[in-house]
Amino acid sequence: MTPPTTPAPRSRARMLELVFPKDTNYHGTAFGGWVLALMDKAASVAAVRHAGGNVVTARMDGVDFHVPIRVGDAVALDARVIRVGRSSMTIRVDVYRENMASGEQQLATGGLFTFVALGEDGKPRPVPPLPEGSTDSEQPDYEARP
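So, here is what we can say about the structure in this document. Predicted, not measured: the structure shown is a model, and the values here were computed from it.

## Description of the environment of methionine 15
By the element assignment, methionine 15 lies in strand β1 (residues 12-18). Sequence-wise, methionine 15 and valine 75 are 60 residues apart; in three dimensions their C-alpha atoms are separated by 8.1 Å. Among residues more than four places away in sequence, those in contact with methionine 15 are Leu38, Lys41, Ala42, Val75, Ala76 and Leu77.

So this is what it looks like as structure tokens:
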């Protein structure tokens, strides 16, 4: 018997990563560039899901680091498309630091990313509108934490 399939959530992506010593600076906290790379990856998954095809990062904006992320923490990312233009999408990415033992999560970082959908010819192509009832809030969605 084949297990049932379900569609992936559109316009959203969630990821979980563990912080190892190789991901940190001499203070034992996560490199900012490593966290930005994770954010870009999560945002790109949400953008590809929404656009239904190839996308490229056009801009990172308003990334704020609130609390340090340390070795042994988990990094939980939630990326969601909050606005669409003709061929561009704005994705809000929230990063939570999680204590694996207690399960406590705290917002560590958040930011906005702009992606552009590309056609087969490598030129911008239209993207669908957000589904009815989608929120366009630039604020963290604490209820939907990973």
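## A closer look at the sheet that holds β1
As summarised here, the arrangement of the five strands in space is β1-β3-β4-β5-β2, forming an open sheet in which the pairing is antiparallel. Pairing within the sheet leaves two strands with one partner each, and these edge strands are β1 and β2 (55-65). With strand direction ignored, the average angle separating the axes of adjacent strands in the sheet is 20 degrees. In this fold helix α1 (residues 32-51) packs onto β1, β2, β3 (74-84), β4 (88-98) and β5 (105-117), with an angle of close to 50 degrees to the strand it touches most, β5.

## Quick word on unusual backbone geometry
Within the chain, serine 11 stands out as a residue other than glycine whose phi angle is a positive 70 degrees. Within the secondary structure, serine 11 sits in the segment before β1.

## Thoughts on α1
The first and last C-alpha atoms of α1 sit 28 Å apart over 20 residues, in line with the 28 Å expected at 1.5 Å per residue. All of the buried residues in α1 are Trp34, Val35, Leu38, Met39, Ala42, Ala43, Ala46, Ala47, His50 and Ala51. Those residues of α1 that are buried are in contact with β1, β2, β3, β4 and β5. With its phi angle positive at about 75 degrees, glycine 52 sits one or two positions after the end of α1.

So, how was this worked out
- Residues numbered from 1 in each chain as written.
- Predicted model: local features only at pLDDT ≥ 70, side-chain atom pairs only at ≥ 80, totals over all residues.
- Heavy atoms only, no water.
- Helix = DSSP H or I, 4+ residues; strand = E, 2+ residues; numbered from the N terminus.
- Contact = heavy atoms within 4.5 Å.
- Pairing = 2+ DSSP bridges.
- Axes fitted to C-alpha atoms, helices over the stretch in contact; angles between N-to-C directions.
- Expected span 1.5 Å × (residues − 1).
- Buried < 20%, exposed > 50% of the residue type's maximum accessible area, 1.4 Å probe, protein only.

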